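Commentary on secondary and tertiary structure
Spelled out, the chains give:
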Amino acid sequence: MSGRPILTAAETRTAEDAVFATGVSVEELMERAGQAVAEAVWRYAGAAPTLVLCGPGNGGDGYVIARALADKGVKVRVAASGEPRTDAAQAMRARWTGPIEALAEADPAPILVDALFGTGLARPLDAVIIGPLERLAKAARQRIAVDLPSGIGTDDGALLGATIDYEMTVALGNLKPAHRLQPAVASMGRIVVADIGLNAVSQLVEIARPHLPAPGASDHKYTRGLVVVAEGAMPGAAMLSAMAAQRAGAGYVVLAGEGLGGPAAMVRRGDPLATVLADDRVGAVVIGPGLGRTNAGALLLDAALASGRRLVLDADALVLLAERGLPLAGIPILTPHEGEFARLFVDLPGTRIDRARAAAAKAQAVVVLKGPDTVIATPDGRAAIAPPAPGWLASAGTGDVLAGAIGACLARGLEPFEAAQAGVWLQAEAARIAGPGLIADDLIPALQTALVACG
Ligand SMILES: NC(=O)C1=CN([C@@H]2O[C@H](COP(=O)(O)OP(=O)(O)OC[C@H]3O[C@@H](n4cnc5c(N)ncnc54)[C@H](O)[C@@H]3O)[C@@H](O)[C@H]2O)[C@@H](O)CC1
Ligand SMILES: Nc1ncnc2c1ncn2[C@@H]1O[C@H](COP(=O)(O)OP(=O)(O)O)[C@@H](O)[C@H]1O
Ligand SMILES: [K+]
């Protein structure tokens with residue numbers, strides 16, 4: 001279930017260099033990129049009159065896009081912010097036979113294609129660029145970014161300064177971190193990847209739909225996974241985790257505690273947690289949601305950490321962990337939101353991906369850094385980013401549901417990194433199924449529907 005590779009600006013250049021080393025010329029790769037983008041623009045916007053904006057850097061893509069669209073019969077105009085600097089880009093400019101307008105004076109068109117800047121930009125757009133860009137974008141019906149919107153950081157997804165919003169972004173060759181990180185991704189609209197023949201491999205991938213096949217004839221409830229959820233001060237949160245584990249496919253879920261209610265299929269155990277966890281069939285333990293931060297919670301956490309079982313540590317367990325030492329034994333899964341992350345891993349520098357990786361190395365854990373752009377990292381440097389999920393997930397208890405879903409995937413035998421990705425995918429899909437106005441409880445039946453796609 002490995003997802004699409006995500007490459008930084010430097011890694012993308014290395015992948016391009018590998019293509020050049022096979023004898024492909026810079027012009028040929030530029031031609032491929034321009035043709036692929038033109039195809040995507042054509043499919044999206046059809047024959048509507050189009051204005052292509054070309055930049056001053058290495059990019060000759062814009063001129064190829066304009067020529068390819070004109071070949072399809074589209075009424076295309078070109079506006080440029082300056083002379084392209086490289087030979088290849090100048091060659092592409094020479095092959096555009098139409099006029100080239102100055103960016104500052106260009107008239108708008110219904111479709112705006114922004115090929116001003118590629119992955120090399122590292123500072124805010126100059127006023128002579130952003131002014132006309134904003135004017136032309138406002139007057140256009142639809143805006144399309146080539147590779148990345150102008151004015152965002154390729155590797156960290158930051159807005160370098162003023163930017164505009166796009167309906168579609170055509171990524172060249174492969175996804176870059178900004179195509180998945182906030183706030184950049186929110187401005188990109190629909191993101192499509194144009195294949196230009198790069199053999200992109202990366203330690204960073206996009207979270208993809210997991211393969212979670214239906215139980216076979218040799219399965220029984222224990223082989224499907226036994227999950228124990230530890231109950232603490234707030235039983236509702238543990239209940240959400242436990243029911244999520246049930247609906248995410250666990251064969252057996254034990255709620256360890258004395259609380260009341262829940263489905264008839266939920267097994268209750270009031271014995272000491274250490275006793276419950278002594279069972280070798282326990283495939284995953286979820287602890288933290290509603291645990292409380294008192295001594296009673298700390299004792300339960302001690303029992304979980306001492307059990308040697310595969311752990312999902314969330315919420316209050318993370319708060320309690322901040323008062324103890326890292327690293328942890330046995331590569332548990334930690335699921336902090338930004339608040340919990342900041343408390344547990346003080347002052348880590350870099351992008352969200354860098355921070356998740358450093359935290360994973362420090363804790364010797366798989367770290368799921370939650371948010372609108374959830375990043376998962378392992379101690380050995382692998383990482384994954386989730387595609388955008390419904391904002392309706394920003395609702396109390398949805399993290400508890402995620403912890404339970406990850407527990408189910410861990411208990412069925414997935415490796416921690418895969419289990420974490422599968423849980424995040426299932427939670428996001430459940431949110432799409434549950435729809436606007438969802439509350440955490442609604443995700444639970446929706447998880448069952450989400451499983452249908454994973455067979
Ligand atoms: N049905 C229930 O019983 C529920 C119980 N819950 C439980 O309630 C207990 C305590 O919840 P708290 O409200 O204290 O903990 P929170 O996780 O809400 O907050 C902890 C701290 O982190 C901050 N924070 C939260 N999200 C952040 C973000 N995205 N970026 C930056 N900072 C952020 C908060 O402001 C707070 O200071 C936990 O055990 C939790 O599991 C919740 O899970 C909700 C549902
Ligand atoms: N704006 C957002 N868009 C998409 N997903 C979000 C957004 N905000 C939060 N989420 C997701 O919602 C869940 C919230 O979990 P958490 O912060 O632990 O809340 P709780 O403790 O109340 O369950 C996480 O899975 C997070 O990734
Ligand atoms: K661009």
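Shown above is the structure to which this text applies.
Let me sum up the structure you'll find in this document. Fair warning: this is a prediction, and the values are worked out from it, not measured in the lab. (Residues numbered from 1 in each chain as written. Chains lettered and ligands numbered in written order. Predicted model: local features only at pLDDT ≥ 70, side-chain atom pairs only at ≥ 80, totals over all residues. Heavy atoms only, no water.)

At a minimum axis separation of 8 Å, helix α12 (residues 398–411) and helix α13 (residues 416–434) run at an interaxial angle of 135°. With respect to α13, the element α12 is oriented oblique. Read as a crossing pair, α12 and α13 show a hand that is right-handed. Of the residues in α13, those in contact with T398, L402, A405, I406, C409 and L410 of α12 are P416, A419, A420, A422, G423, V424, L426 and Q427. Considered class by class, the residues forming the contact of α12 with α13 number 11 nonpolar, 3 polar and no charged. (Axes fitted to C-alpha atoms, helices over the stretch in contact; angles between N-to-C directions. Helix = DSSP H or I, 4+ residues; strand = E, 2+ residues; numbered from the N terminus. Parallel < 35°, antiparallel > 145°, perpendicular 65-115°, else oblique. Left-handed = near helix turned anticlockwise from the far one by under 90°. Contact = heavy atoms within 4.5 Å. Nonpolar A, V, L, I, M, F, W, Y, C, P; charged D, E, K, R; others polar.)

Let us now look at the site of ligand 2. Contacts to ligand 2 come from 17 residues, most closely from K370, G371, G397, G399 and Q427. Within the backbone of G397, a nitrogen or oxygen atom sits 2.8 Å from an oxygen atom of ligand 2. At 3.4 Å, a backbone N or O of D400 approaches an oxygen atom of ligand 2. In isolation ligand 2 has 580 Å² of accessible area, and contact with the protein removes 78% of it. When atom positions are compared with the pocket grids, ligand 2 is found to occupy the second largest pocket. The biggest single contributor to the shell around ligand 2 is α12, with 4 residues. Per-class residue counts for the shell around ligand 2 are 7 nonpolar, 8 polar and 2 charged. (Near = heavy atom within 4 Å. Polar contact = N/O pair within 3.5 Å; in protein donor to acceptor, adjacent residues only side chain to side chain. Areas by Shrake-Rupley, 256 points an atom, 1.4 Å probe, with all protein chains shown as cover. 1 Å grid on protein atoms, 1.4 Å probe; cavity = no way out; pocket = protein on both sides within 12 Å on 5 of 7 lines; lining within 4 Å. Sits in = over half its atoms within 2 Å of the grid points.)

The subject of this paragraph is the site of ligand 1. G290, R293, D316, H337 and D400 are the nearest of the 17 residues found near ligand 1. Contact distances for ligand 1 include 3.0 Å between an oxygen atom and a side-chain N or O atom of R293. D400 has a polar side-chain atom sitting 2.6 Å from an oxygen atom of ligand 1. Protein contact buries 50% of the 870 Å² of open area that ligand 1 shows by itself. Taken together, the elements giving at least two residues each to the shell around ligand 1 come down to α6 (235–247), α9 (315–321) and α10 (338–344). Top contributing element to the shell around ligand 1 by residue count: α10, with 3 residues.

If a probe as big as a water molecule is rolled over the atoms, it shows which places are left empty. Approximately 590 Å³ is the volume attributed to the second largest pocket. If you go around the second largest pocket, you meet 30 residues; those closest to its centre are K370, G371, L393, T398 and Q427. At the level of elements, α12 and α13 are the ones that each hand at least two residues to the lining of the second largest pocket. The leading source of residues in the lining of the second largest pocket is α13, at 5 residues. Residue classes in the lining of the second largest pocket are distributed as 15 nonpolar, 10 polar and 5 charged. (Points joined across faces, edges and corners; volume = space filled by probe spheres on them.)

Counting residues in each nonpolar core, the largest one holds 53 residues, and the members touching the most others are V227, V229, V253, I333, I376, V401 and L426. For this core, the secondary-structure elements that each account for two or more residues are β9 (226–230), α6, β10 (252–256), β12 (282–287), β15 (366–369), α12, α13 and α14 (440–452). (Core = buried A, V, L, I, M, F, W, Y, C linked by side-chain atoms within 4.5 Å. Buried < 20%, exposed > 50% of the residue type's maximum accessible area, 1.4 Å probe, protein only.)

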